[in-house]
Amino acid sequence: MENISVNNKENVIISVEPGSIADEIGIEPGDVLVSINGKEVLDVFDYRYLINDEYLEVILKDGNGEPYEAEIEKDYDEDLGIVFESGLMDNARSCSNKCIFCFIDQLPKGMRKTLYFKDDDTRLSFLQGNYVTLTNMKDKDIERIIYYHLSPINISVHTTDPELRKMMLHNNKAGNIMGRMRKLADSGIELHLQVVLCKGINDGKQLDKTIEDITTLFPHARSMSVVPVGLTKYREGLFKQEPFTKEDACAVIDQIEGWQRKNLERFGTRIVYAADEFYLKAEREIPEPECYEDFQQFENGVGMISYFRGEFYDILPGLEYGGEKKTVSLATGYAAYDLMKLVSDELMKKFPEIDIRLYRIKNNFFGEMITVSGLLTGKDIIEQLKGRELGEYLILPDSLLRNGETVLLDDVYVEDIERELKTNIKISLNSAKSLVDKILED
């Protein structure tokens, strides 16, 4: 058996899918994958690439640390049926920047440890849609993205001015963003980009420069969102920043919509989009769904309101309710309040037997400038809804919760809220259909 030097991290197998190739050849939970066809497996991308061969020589270690070899013949794209201890098969790379707008730096002490971890990992960008700065990557890492064709990649740009980007990220390695993005684009990697806009810093003429530079990477630079910096009340000792005013937000929208018109004429697509928060701050009408094209920046808070509203009016005519008279309640942040009021009013007009109590929750935990529902805490919900008329049940958005769990940011569980408010809670997904289903269900 060949000698292979193994990295310090081991690819521990936690389960094997019944009836899979791995199950048939006797691979068991607790075994460790060492190599495939003589190549060390560093992470999930090595693994996915290497198992595509039709013939595999796989070296593993059993639960006692004894090495063994398995020879596998299979179809080209057939999976082995192995589940690893870590989805990345490696530790996530942490951020090496000290960004002047970092939200994690604005968290209070005493929250759960996982909230303070700053990831900056292109593998998470490819797998989960996380945004990365490319600052902690070496040239060989860029080549690896190209070799495995990890596309699309989501990149936090913020500015294309080298010196300004170094300042904003507090990292002297941050300046060559255009060079790195151009190399990726020239290799056919699709890029989706983000700018966190800071008043008086990377807005105005700097934003014009960033947008103009990005358009030179089209068609591989497919979209870019511009979102306002989120400012909590925990900013002692941090870079001084000012929130955007209504007039500022109007100016940003006018600037971006000007670029959209220009890009539509040149490229047939808008490329750059303003976050919903700017329209709310400016008290401007949210654009129609077609203005967001294929909603490529949806998860970045761009077009969410427009999409939700459009979906709601699409399903409204076909809705039916045959249940008894009832009262239900909704809790939301300030940003989504007007949208939730529209939905509630339309449903109560169509179904007079349903009374919907809508409650707007102020974010006392992070500060009133944080208005999105996903950053509300259990404590604020409990304090502001205690003693209120909640009806048969309270509906909360799933954006409040950690993925796959029932715990909010402040470690308050849904069960805790139910107990304190003496009501049942239903969780709605981020769609009009899901919310309406929760309201109308028996």
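Draft legend 1. A look at the sheet that holds strand E7 (residues 153-156). Pairing in this open sheet of four strands is parallel, and the strands run E7-E8-E9-E10 from one edge to the other. Since the sheet does not close on itself, it has two edges, and those belong to E7 and strand E10 (272-274), each with one partner. Neighbour-to-neighbour, the strand axes of the sheet open up by a mean angle of 20°, direction not taken into account. As defined by bridge partners, E7 adjoins strand E8 (residues 191-197) across four bridges and the pair is classed as parallel. By the bridge assignment for E8, Ser156 is matched with Gln194. Most of the contacts of helix H7 (residues 205-215) go to strand E9 (residues 221-228), to which it runs at about 165°, and overall it touches E8, E9 and E10.

Draft legend 2. Looking closely at the pattern of salt bridges. By the definition in use, this model includes 19 salt bridges. Glu143 is the salt-bridge partner of Lys183, the closest N and O atoms lying 2.5 Å from each other. On the criterion of sequence distance, the pair formed by Lys183 in helix H6 (residues 177-186) and Glu143 in helix H4 (residues 139-148) is long-range, its members being 40 residues apart. Between Asp213 and Lys209 there is a salt bridge, with its nearest N and O atoms 3.0 Å apart.

Draft legend 3. Structural detail: the sheet that holds strand E13 (residues 393-397). Spatial strand order, E12-E11-E13-E14: four strands in an open sheet with parallel pairing. Of all the strands in the sheet, the pair left with one neighbour each is strand E12 (354-360) and strand E14 (424-428). On average, adjacent strands in this sheet sit at an angle of 25° to one another, irrespective of strand direction. As judged from the two bridges shared by strand E11 (residues 326-332) and E13, these two strands associate in the parallel manner. Bridge pairing in E13 links Ser329 to Leu394.

Draft legend 4. Spatial organisation of the packing of aromatic side chains. All told, the structure shown has eleven aromatic pairs when counted by the stated rule. Relative to Phe278, the ring of Phe244 lies with its centre 5.4 Å away and its plane at 80°, an arrangement referred to as edge-to-face. Of this pair, Phe244 sits in the loop between E9 and helix H8 (246-267) while Phe278 sits in helix H9 (residues 276-282); the two residues are 34 residues apart in sequence, bridging distant segments of the chain. In this structure Phe278 comes out as buried when scored by relative accessible area, which is 1%. An angle of 65° between the planes, with centres 5.5 Å apart, marks the rings of Phe312 and Tyr313 as edge-to-face. Its relative accessible area of 0% is what places Phe312 among the buried residues. The class of Tyr313 is partly exposed, set by a relative accessible area of 36%. A connected cluster of aromatic rings, assembled from ring pairs, spans Tyr273, Tyr292, Phe295, Phe298 and Tyr307. Positioned over the ring face of Tyr334 is Arg360, at 4.9 Å from the centre of the ring. Sitting over the ring of Tyr337, Arg360 keeps its end group 4.0 Å from the ring centre.

Draft legend 5. Local environment of the pairing of E11. Of all seven residues in E11, seven are buried; the element is thus mostly enclosed. Here E11 shows two buried faces, one formed by Lys326, Val328, Leu330 and Thr332 and the other by Thr327, Ser329 and Ala331. With seven bridges connecting them, E11 and E12 associate as parallel partners. Across the sheet, the residue bridging to Ser329 is Arg357, located in E12. Once the chain exits E11 it traverses helix H11 (residues 337-350) before rejoining the sheet at E12, and the crossover so formed is right-handed.

The rules behind these values
- Residues numbered from 1 in each chain as written.
- Predicted model: local features only at pLDDT ≥ 70, side-chain atom pairs only at ≥ 80, totals over all residues.
- Heavy atoms only, no water.
- Pairing = 2+ DSSP bridges.
- Helix = DSSP H or I, 4+ residues; strand = E, 2+ residues; numbered from the N terminus.
- Axes fitted to C-alpha atoms, helices over the stretch in contact; angles between N-to-C directions.
- Contact = heavy atoms within 4.5 Å.
- Salt bridge = Lys/Arg side-chain N within 4 Å of Asp/Glu carboxyl O.
- Phe/Tyr/Trp six-rings, centres within 6.5 Å; stacked < 30°, edge-to-face > 60°.
- Buried < 20%, exposed > 50% of the residue type's maximum accessible area, 1.4 Å probe, protein only.
- Lys NZ or Arg CZ within 6 Å of the ring centre and 35° of its normal.
- Right-handed = clockwise from strand over helix to strand, strands pointing away.

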